[in-house]
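Descriptive structure summary
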Amino acid sequence: MPGRSLRWATATVLVGLVTVPVYAGAGGGSISFPPVGAGSWEGALFFSGNFSSDTVRDDGSFDATLRDVIDSTTITLVFTVDGAGMVTNGEMRVDLTWFQEGAGTSPTTFAPYHVVHDHHQTGILALSGTADRLVAGGELLWETNTVAGGDVVEEVSGSETVSVEWIFKASEATCAQVSGGLIEASGNSFIRTVLFPRGISSGDGTTYYNGLVAEFIVWPTDVGDPGKVEEALEALQEVAGALLSRQFPEMEHVIEVVDAWGALNAELARLESCQAALVGWVPESSGSWLVGIVQLALSQALESQDHYDASDLVGLWVAGFQVEAMDGEIVVGFLDAFHAKLDEAITLGDTATIQDILAFAAQYGYPNLYAKAKAALEGAP
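Residues numbered from 1 in each chain as written. Predicted model: local features only at pLDDT ≥ 70, side-chain atom pairs only at ≥ 80, totals over all residues. Heavy atoms only, no water.

Regarding the overall build of the chain
In terms of helices and strands, the chain carries seven helices and eleven strands. Looking at the chain alone, contacts between residues at least 24 apart form 70% of all its contacts between residues at least 6 apart. Of the accessible surface of the chain, which amounts to about 17,100 Å², a share of 52% is contributed by carbon and sulfur atoms. (Helix = DSSP H or I, 4+ residues; strand = E, 2+ residues; numbered from the N terminus. Contact = heavy atoms within 4.5 Å. Areas by Shrake-Rupley, 256 points an atom, 1.4 Å probe, with all protein chains shown as cover.)

Structure below.
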């Protein structure tokens, strides 16, 4: 059984799957497969990360659950596209494994429990639709192995067949690749938890943290050197998975993913059709696979901002800024963190940190932060 540590903040046990809404960001303009893509396509679905929940009740009893995608998970896509951009004769091969661990105490009696589940879903889903709404549907075999300790949870192991439907929307298309993410999901599978809000408190003492990502990358099968593309994809998945598994991601970890993404796209761009002009079509984008991964890593870092000093946060900001991953929520999170670091530095008389924040505020144009840091330096002994 793969080993995973339980996050021992207080939490609720999610032995079943949470109900998730349709992704709120599913709107926007459509993106189509480029003309070069008429024919055979292949690629992979990158599903990685973890989901945790913590609950503490009024009587002091608690629940904690962590679910984590195992690295052996592989989900591949193979399909054809007709001249109208419709997907035909497609399939998604699923080999999905996740680990789930829960622990806590029951209300009133405070009886302790500890339960561990290994989940494995396999099968072939049919692919249909378009780049704007790529649908994978069918049945998966779900095998579960459960080990429980304590008197609260019974051991339940076995297998069953479940029907699922996963719907994806492209966010970027070039002559060499189309990428996008999950926008809707139904049926019993951990993958639909991707659509749960990133970090919420339910109001009943429960806090959820969603560190999952499900993004696809596909490309025309007719590439110059398929072996090099596969190697570049494996390298990208390895560093991206490592980035999302880190509790404290650093700038260099983000840069590793940026470099691996560039290496994959460099291999894909060798496609002969990309060397000639595509009449009447230009690359389309409303986001990028890379941006989604980096945003999730930055959000994870902000969850643990006390671990970083100001210069570390500046490095993460620079990495995110360079790949255009700084959306409004992340920008506000970083500015709040810089103000908190500045207040702490002023209290401690830490002029080096104040200078770091002053330089950051000057370079990126945040006058309030700049004025506050400048005043602190001018008043320093």
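Overview of the pairing of strand S10 (residues 206-220)
Most of S10 sits inside the fold, with 14 of its 15 residues counted as buried. Relative to S10, strand S1 (residues 39-56) is paired through 15 bridges, and the arrangement is antiparallel. Opposite Ser53, over in S10, you have Tyr208 as the bridge partner. When strand S8 (residues 178-186) meets S10, the two strands line up antiparallel, connected through four bridges. Its bridge partner being in S10, Val178 is matched across the sheet by Val218. (Buried < 20%, exposed > 50% of the residue type's maximum accessible area, 1.4 Å probe, protein only. Pairing = 2+ DSSP bridges.)

Things to note about a negative patch on the surface
Together, Asp71, Asp225, Glu230, Glu231, Glu234 and Glu238 make up a region of like negative charge exposed at the surface. Within the fold, Glu230 resides in helix H1 (residues 226-245). (Patch = residues over 30% accessible without salt bridge, like charges linked within 9 Å, V, L, I, M, F, W, Y side chains within 5 Å. Salt bridge = Lys/Arg side-chain N within 4 Å of Asp/Glu carboxyl O. Lys, Arg positive; Asp, Glu negative; His and termini not counted. Charge placed at Lys NZ, Arg CZ, Asp CG, Glu CD.)

Looking at the nonpolar core
In terms of nonpolar packing, the biggest core is built from 59 residues, with Val257, Trp289, Ile293, Phe334 and Phe338 touching the most fellow members. Broken down by element, this core gets its largest block of residues, ten residues, from helix H3 (residues 289-303). When near neighbours in sequence (up to four residues on either side) are disregarded, Phe338 contacts Ala310, Leu313, Val314, Trp317, Ile357, Phe360 and Leu369. Within the second largest apolar cluster, 42 residues are counted, among which are Ile31, Leu127, Leu134 and Leu195. (Core = buried A, V, L, I, M, F, W, Y, C linked by side-chain atoms within 4.5 Å.)

As for the environment of Gly211
By the element assignment, Gly211 lies in strand S10. Note: C-alpha distance between Gly211 and Ala297 (86 residues apart in sequence) is 8.5 Å. Leave out the neighbours within four places in its chain, and Gly211 touches Ser48, Gly49, Asn50, Arg198 and Leu296.

Observations concerning the pairing of strand S5 (residues 112-130)
For strand S4 (residues 87-105) and S5, the ladder comprises 17 bridges, and the chain directions are antiparallel. Paired with Thr105 across the strands is Pro112, a residue of S5.

Observations concerning the side chain of Thr206
Assignment of secondary structure puts Thr206 in strand S10. Since its relative accessible area comes to 4%, Thr206 is described here as buried. A polar side-chain atom of Thr206 sits 2.6 Å from a polar atom in the side chain of Thr55. (Polar contact = N/O pair within 3.5 Å; in protein donor to acceptor, adjacent residues only side chain to side chain.)

Some thoughts on the confidence of the model for the chain
On average, residues of the chain score 83 in pLDDT, and 84% of them are at 70 or above. Low pLDDT, under 50, characterises residues 1-28; the predicted model gives this stretch 90 contacts beyond four residues in sequence or across chains. (pLDDT = per-residue confidence, 0-100.)

Let's talk about the packing of aromatic side chains
Scanning the entire structure with this criterion turns up 21 aromatic pairs. Plain terms: the ring middles of Phe51 and Phe196 are 5.3 Å apart, the flat faces sit at 90° to each other, and that makes the pair edge-to-face. Of this pair, Phe51 sits in strand S1 while Phe196 is found in the loop between S8 and strand S9 (199-201), placing the two residues 145 residues apart along the sequence. The rings of Trp317, Phe321, Phe334, Phe338, Phe360, Tyr364 and Tyr366 are connected pair by pair, giving a single aromatic cluster. (Phe/Tyr/Trp six-rings, centres within 6.5 Å; stacked < 30°, edge-to-face > 60°.)

Some remarks on helix H5 (residues 328-348)
The terminal C-alpha atoms of H5 lie 30 Å apart, and with 21 residues this matches the ideal 30 Å at 1.5 Å per residue to within 8%. All of the buried residues in H5 are Ile330, Val331, Gly333, Phe334, Leu335, Ala337, Phe338, Lys341, Leu342 and Ala345. The elements touched by buried residues of H5 are H3, helix H4 (310-322), helix H6 (351-364) and helix H7 (367-378). One or two steps after H5, the chain reaches Gly349, where phi turns positive at roughly 70°. (Expected span 1.5 Å × (residues − 1).)

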